[in-house]
Amino acid sequence: MEIERACTSMLVGKKASIDGSVMIARNDDTFLPLTPQRFYMHPAWHNQKGQMLKSWLNGFAMELPADGYRYNAVPNVDYQKEGYYEESGINEKNVAMSATESTYGNERALAYDPLVKDGLDEDCIVNATLPFIESARQAVQYLGNLITKYGSPAGNSVLFADKNEAWYMEIVTGHLWLAQRIPDDAYAVVANEVAIQEVDFNDTDNFQWADGIREFVAEHHLNPDQNGWNLRHIFGTFNEKDRHYNTPRVWYGHNLFNPGSENDPESGEMPFIMHADHKITTDDIEYYLGSHYNETKFDPLGHGDAADKLRYRPIGLNRTQNSHILQLRNDVPEEMQGIMYLCIGFPSFTPYVPFYTNANDTDPSYSSTPLTMDIDSDSAYWMYRHLSMLVESHYSKFIQDDLDYLKDCRQQQRTLLAKFDAEAKDKHGAELTALLTQKNYEMVADMKQRTKALINKLIMKGIQLSKLTFNMDKNL
């Protein structure tokens, strides 16, 4: 059994970002609101032959290489029931991976290369790839070779990045895939559809693909266009679900980063590669991933009519288990390059906490998540979901308090990161890793203090909003 993630993704080239960093980002959306996750650091290993990776969800199994790099990940807590789904991380070579964006191929193509029931799926794809890759470009070929060998039981798309490049890879049938490099001055937003459009097979700097994909398309008469080779047209879908569940999320992203975009929210021809009208920040990405068609008639928390408010699937959801931004910075030493911004509440209402990825472990409040909520628990997952529930339950009364809190969190994070960078600039190796690990702990503690203060404030405010009240005459 494979359980696909219905996610939303974004990729940003280094000349499109405000500080020259490369960024990839995604919401990990599950089918249930409560699928607890934890955030941990997996240590490197050496000369360990015979290690097996086995899926808990299907019959997939493979032997892992004897050597693997340290990496961080955000897996399910109940992995024996739900599968590993490590989802996202940056390894010690500063290569970032986010997997996966569920992608749906059409029945015409799948008829000739069907999905492989016991192939390599999202539940194991990070475990099988992230510890062994040394650049974003090489990562595409590495994973592509695994898909060729083992097949895939689902359509999946994968984001890779290093300090120079971001790549978007789409696995469109049981064994076929294609990837495109995001231009340095561009961005892309993606939402559960085949996204890549025109492919130039002479441009190997910007495209990679599975052996035989062109011949497969020609043999089975899959290209519907008079001219060109458009991956979306050949392998993708465009149906009622796409028009209401998928494409509006892309439309909203384009309108955030290119205000005035004239595409219809239900158009199947929205561009994959876009050039923003401003330099993109982590704040921009956070807003997009937490958005719900804010300030439009389609906002389910807004003031439109009932039909419009329920017309399209929002971007930030209660079933977003984690939302992340993986940033490779180019204005700091290499050992401090990787930052993972992790939100494990609803991204609409809780902060993205930055973590240096050159670290040995994570705060226990992140690495140990109980399966159920305990009011006395120190769990970050449950603390941030607690806050999310409170804000949404009295949205009109609590949202301004929440927005002020998020603004203060972002400001404090920038202040602390600048301070931590300065403290770390002359340190290297194990000494630097130990320091950055400690700084992660300090960031968690600061965010925890701010969050608990807001929770306490909202609970006291909420008590006064009870409808079980009556104005008494004090003279009685």
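Residues numbered from 1 in each chain as written. Predicted model: local features only at pLDDT ≥ 70, side-chain atom pairs only at ≥ 80, totals over all residues. Heavy atoms only, no water.

- Under an unreviewed UniProt entry, the name given to the protein chain is Dipeptidase, and the source organism is Candidatus Paralactobacillus gallistercoris.
- Its UniProt record gives the protein chain a comment under Catalytic activity (unreviewed entry), which states: "an L-aminoacyl-L-amino acid + H2O = 2 an L-alpha-amino acid". (UniProt positions renumbered as here; feature names shortened; annotations may be inferred.)

1. Observations concerning the sheet that holds strand S15 (residues 338-343)
Then, in step 1: Strands sit in the order S12-S1-S2-S14-S15-S16 across an open sheet of 6 strands; the sheet is antiparallel. Each edge of the open sheet carries a strand with a single partner, namely strand S12 (187-190) and strand S16 (353-356). Looking at each pair of strands side by side, their axes are set apart by 15° on average, direction ignored.
Then, in step 2: Of the strand pairs in this sheet, strand S14 (residues 320-328) and S15 are connected by 6 bridges, and their pairing is antiparallel. Note that in S15 the partner of Ile-325 across the bridge is Tyr-341. (Pairing = 2+ DSSP bridges. Helix = DSSP H or I, 4+ residues; strand = E, 2+ residues; numbered from the N terminus. Axes fitted to C-alpha atoms, helices over the stretch in contact; angles between N-to-C directions.)

2. Digging into the pattern of salt bridges
Then, in step 1: Enumeration over the complete set of coordinates arrives at 15 salt bridges.
Then, in step 2: Residue Arg-414 is joined to Asp-283 by a salt bridge in which the shortest nitrogen-to-oxygen separation is 3.2 Å. One end of the pair, Arg-414, is in helix H12 (residues 395-424); the other, Asp-283, is in helix H8 (residues 282-289), with 131 residues separating them in the sequence.
Then, in step 3: Each of Arg-137, Glu-165, Arg-181 and Asp-184 takes part in salt bridges that share partners, so that together they form one network. (Salt bridge = Lys/Arg side-chain N within 4 Å of Asp/Glu carboxyl O.)

3. A word on the pairing of strand S8 (residues 96-102)
Two faces belong to every sheet, and in a regular strand the side chains alternate between them.
Then, in step 1: With 7 of 7 residues buried, S8 is to be regarded as a mostly interior element.
Then, in step 2: Two elements, strand S7 (residues 88-90) and S8, share 3 bridges in a ladder whose sense is antiparallel. Residue Gly-89 lies in a different strand from S8, and its bridge partner there is Met-97.
Then, in step 3: Hairpin connection between S7 and S8: a loop of 5 residues separates the two successive antiparallel strands, and Asn-94 in this loop has a positive phi of roughly 60°.
Then, in step 4: Note: S8 against strand S9 (residues 156-161), 6 bridges, orientation antiparallel. In the sheet register, Ala-99 faces S9, and the bridge partner there is Val-158. (Buried < 20%, exposed > 50% of the residue type's maximum accessible area, 1.4 Å probe, protein only.)

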